[in-house]
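Chain residues, written in single-letter form:
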There are 2 protein chains.
Amino acid sequence: DHPEHYRLMFERMHEVEPTEQGMLEAFASFDQLVGNVAAARSLRPLGVGTDVEVAQQLWSALHGAVSLELLGIGFADDPDEAFEAMLDALLAGMQVGARGR
Amino acid sequence: DHPEHYRLMFERMHEVEPTEQGMLEAFASFDQLVGNVAAARSLRPLGVGTDVEVAQQLWSALHGAVSLELLGIGFADDPDEAFEAMLDALLAGMQVGARGR
């Protein structure tokens with residue numbers, strides 16, 4: 001929902017050292033994601049590892065999809081559909097993985 | 001296996017317009033991934049969509065994990081384990097998704 005915010009948070013890190021303020025904002029965003037993961041996991045099993053580890057897996061995958069889209073690099077006809085399909089697969093796999101434990 | 005190659009292929013695009021040569025190499029790499037996806041799918045169902053769409057989903061997720069690791073941004077204690085767990089979940093979900101069709 002906030003592509004420009006996301007770009008500022010991550011893409012700029014390639015060009016400049018992140019500011020202390022920027023890092024604090026990134027930490028706060030990640031912390032919020034961890035909270036959401038914990039809330040989801042209180043309802044049903046999701047993923048393997050700690051809440052932080054599961055949040056990191058989601059963050060990594062989403063970061064890749066978003067940053068490639070911001071860069072305009074994509075081979076799927078419909079970027080939104082590709083994003084949804086990737087996220088659906090990852091979440092489905094996290095549910096399988098959690099049940100397998 | 002080739003972090004520097006990967007960095008050259010993608011990270012540099014943030015700073016400069018990709019060269020024609022760079023884009024050709026990226027296309028060739030993606031094409032190879034599509035071939036590997038097609039080969040895997042000839043053995044068992046994997047993912048939803050065309051070979052290109054499934055390859056794009058994998059590429060996006062891997063790009064995110066690799067680029068965050070190159071940037072030194074990660075909240076999991078063990079980046080390798082986090083990477084493996086993300087990939088395991090995505091592939092497991094792709095198998096579930098394919099069977100569900």
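Refer to the structure presented above.
Residues numbered from 1 in each chain as written. Chains lettered and ligands numbered in written order. Predicted model: local features only at pLDDT ≥ 70, side-chain atom pairs only at ≥ 80, totals over all residues. Heavy atoms only, no water.

Peer 1: Give a description of the relation of the copies chain A and chain B that names residues and reports values.
Peer 2: It takes a turn of 180 degrees to lay chain A on chain B, together with a shift of 0.0 Å along the axis; the resulting RMSD is 0.0 Å. The operation mapping one copy onto its partner corresponds to a two-fold rotation axis. Both copies contact each other with a shared surface, as 100% of the interface residues of chain A are interface residues in chain B too. (Least-squares fit on C-alpha atoms with pLDDT ≥ 70 in both. Contact = heavy atoms within 4.5 Å.)

Peer 1: I'd like to hear about helix α4 (residues 79–99) of chain B, residue by residue, with values.
Peer 2: Residues and elements named next belong to chain B. In a regular helix each residue adds 1.5 Å, so 21 residues correspond to 30 Å; α4 covers 30 Å between its end C-alpha atoms and thus fits that length. Restricting attention to buried positions, one finds in α4 the residues Ala 82, Met 86, Leu 87, Ala 89, Leu 90, Gly 93, Met 94, Gln 95 and Ala 98. The backbone nitrogen of Asp 80 has a side-chain oxygen 3.0 Å away, supplied by the residue at the start of α4, namely Asp 78. (Helix = DSSP H or I, 4+ residues; strand = E, 2+ residues; numbered from the N terminus. Expected span 1.5 Å × (residues − 1). Buried < 20%, exposed > 50% of the residue type's maximum accessible area, 1.4 Å probe, protein only. Polar contact = N/O pair within 3.5 Å; in protein donor to acceptor, adjacent residues only side chain to side chain.)

Peer 1: Any chance you could break down the pattern of salt bridges for me, citing the residues and the numbers?
Peer 2: All names here are of chain A. Scanning the entire structure with this criterion turns up two salt bridges over all chains. A salt bridge links Asp 51 to Arg 41; the nearest nitrogen and oxygen atoms lie 2.7 Å apart. Remark: Arg 41 occurs in helix α2 (residues 20–43) and Asp 51 occurs in helix α3 (residues 51–71); sequence separation between them is ten residues. For Asp 51, a relative accessible area of 28% puts it in the partly exposed group. (Salt bridge = Lys/Arg side-chain N within 4 Å of Asp/Glu carboxyl O.)

Peer 1: Describe the interface of chain A and chain B, with residues and values.
Peer 2: The interface is formed by 33 residues belonging to chain A together with 33 residues belonging to chain B. Scanning the region where chain A abuts chain B turns up zero salt bridges. In this assembly, chain A and chain B are joined by four residue pairs in polar contact (both at pLDDT 80 or more). At the level of secondary structure, the elements contributing two or more residues to the side of chain A that touches chain B comprise α2, α3 and α4 (79–99) of chain A. Of all the elements, α3(A) adds the most residues to the side of chain A that touches chain B, at 13 residues.

Peer 1: Describe the packing of α2(A) against α3(A), and please don't skip the residues or the numbers.
Peer 2: All names here are of chain A. At their nearest, the axes of α2 and α3 sit 9 Å apart, and the two run at 110 degrees to each other. Classified by the angle between their axes, α2 and α3 sit roughly perpendicular to one another. When you trace α2 past α3, the crossing you get is right-handed. Within the contact between the two elements, α2 uses Ala 26, Ser 29, Phe 30, Leu 33, Val 34, Val 37, Ala 38 and Arg 41 and α3 uses Asp 51, Val 52, Val 54, Ala 55, Gln 56, Leu 58 and Trp 59. (Axes fitted to C-alpha atoms, helices over the stretch in contact; angles between N-to-C directions. Parallel < 35°, antiparallel > 145°, perpendicular 65-115°, else oblique. Left-handed = near helix turned anticlockwise from the far one by under 90°.)

Peer 1: Tell me about the packing of α4(A) against α4(B), and please be specific about residues and values.
Peer 2: Closest axis-to-axis distance for the α4(A)/α4(B) pair is 6 Å, and the angle between their directions is 100 degrees. It follows that α4(A) is roughly perpendicular to α4(B) by the angle criterion. Contacts between α4(A) and α4(B) involve A:Met86, A:Ala89, A:Leu90, A:Ala92, A:Gly93, A:Met94 and A:Val96 on the former and, on the latter, B:Met86, B:Ala89, B:Leu90, B:Ala92, B:Gly93, B:Met94 and B:Val96. Among the residues making up the contact of α4(A) with α4(B), the classes are represented as twelve nonpolar, two polar and no charged. (Nonpolar A, V, L, I, M, F, W, Y, C, P; charged D, E, K, R; others polar.)

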